[in-house]
Amino acid sequence: QVQLVESGGGLVQAGGSLRLSCAASGYIYTLNTMGWYRRAPGKQRELVATITNGGVTNYADSVKGRFTISRENAKKNTVALQMNSLVPEDTAFYYCNLHNGLTTRGSEYDYWGQGTQVTVSS
């Protein structure tokens, strides 16, 4: 089992910044991907950004150039999402994800945090 503990989030005005952090513990594969997903009211969950244990990143087009994902600490089991130039459309519940393995498939390899609310006021 893997546990994910998120921190950060909150209310910010448009143009502001927020930082999300997520610490993973438990049975974590050496090769893995951590990332952030979000779900806005009335919408499906969508990918925000992911990063492999080796530092390969992937961003949604809507956040490129504004958000930066990074792995932190020596064990690389903490992922941070620096969100700059926030817009009201970024308002959503943000979830941390860890996927064990890089070529594994199936939901049994996915672990999710409880989520944190990000609200951007106009």
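Everything that follows concerns the structure shown earlier in this document.
Below you will find a few notes about this structure. (Residues numbered from 1 in each chain as written. Predicted model: local features only at pLDDT ≥ 70, side-chain atom pairs only at ≥ 80, totals over all residues. Heavy atoms only, no water.)

### Structural notes on unusual backbone geometry
Even without being a glycine, Ser85 presents a positive backbone phi close to 50 degrees. Tracing the backbone shows Ser85 in the loop between β8 (78-83) and β9 (92-100). When its relative accessible area of 41% is taken as the criterion, Ser85 is described as partly exposed. (Helix = DSSP H or I, 4+ residues; strand = E, 2+ residues; numbered from the N terminus. Buried < 20%, exposed > 50% of the residue type's maximum accessible area, 1.4 Å probe, protein only.)

### Thoughts on the pairing of strand β4 (residues 32-39)
By the criterion of burial, β4 is predominantly enclosed, with 7 of the 8 residues buried. In the sheet, β4 pairs with β9 via 8 bridges, with the strands oriented antiparallel. Residue Asn32 lies in a different strand from β9, and its bridge partner there is Asn100. When β4 meets strand β5 (residues 46-52), the two strands line up antiparallel, connected through 6 bridges. Each residue of the ladder has a partner; that of Gly35, found in β5, is Thr50. The antiparallel pairing of β4 with β5 creates a hairpin that spans 6 residues between the two strands, and Gly42 there sits at a positive phi of about 80 degrees. (Pairing = 2+ DSSP bridges.)

### With respect to the sheet that holds β8
In space, the 4 strands of this open sheet follow the order β1-β3-β8-β7, with antiparallel pairing throughout. The two strands at the open ends of the sheet, each matched to only one other strand, are β1 (2-8) and β7 (67-72). Strand-to-strand twist of the sheet, defined as the mean angle between neighbouring strand axes without regard to direction, takes the value 15 degrees. Bridge analysis of strand β3 (residues 18-26) against β8 gives 6 bridges, and the strand direction is antiparallel. (Axes fitted to C-alpha atoms, helices over the stretch in contact; angles between N-to-C directions.)

### Observations concerning the state of the cysteines
In the structure shown here, the tally under the stated rule is 1 disulfide. Each sulfur of the disulfide joining Cys22 and Cys96 lies 2.1 Å from the other. Sign of the S-S torsion, about -85 degrees for the bond between Cys22 and Cys96, identifies this disulfide as left-handed. Note that Cys22 is positioned in strand β3 and Cys96 in strand β9, a separation of 74 residues in sequence. What makes Cys22 buried here is its relative accessible area of 0%. (Disulfide = S-S within 2.5 Å.)

### Considering the pattern of salt bridges
Inspection of the entire model under this criterion finds 5 salt bridges. With its nearest N and O atoms 2.3 Å apart, the salt bridge here joins Arg19 to Glu72. Placement of Arg19 in strand β3 and of Glu72 in strand β7 is noted, with a sequence separation of 53 residues between them. In this structure, the salt-bridge partner of Arg38 is Asp90, at a minimum N-O distance of 3.0 Å. Of this pair, Arg38 sits in strand β4 while Asp90 sits in the loop between β8 and β9, and the two are 52 residues apart along the sequence. Look at Arg38 and you get buried, because its relative accessible area is 5%. Among the charged side chains, a salt-bridge network with shared partners connects Arg38, Glu46, Arg66 and Asp90. (Salt bridge = Lys/Arg side-chain N within 4 Å of Asp/Glu carboxyl O.)

### As for the nonpolar core
Core analysis: the largest hydrophobic core is formed by 29 residues, its most contacted members being Leu4, Trp36, Leu81, Met83 and Tyr94. For this core, the secondary structure elements donating two or more residues are β1, β3, β4, β5, β7, β8, β9 and β11 (116-121). (Core = buried A, V, L, I, M, F, W, Y, C linked by side-chain atoms within 4.5 Å.)

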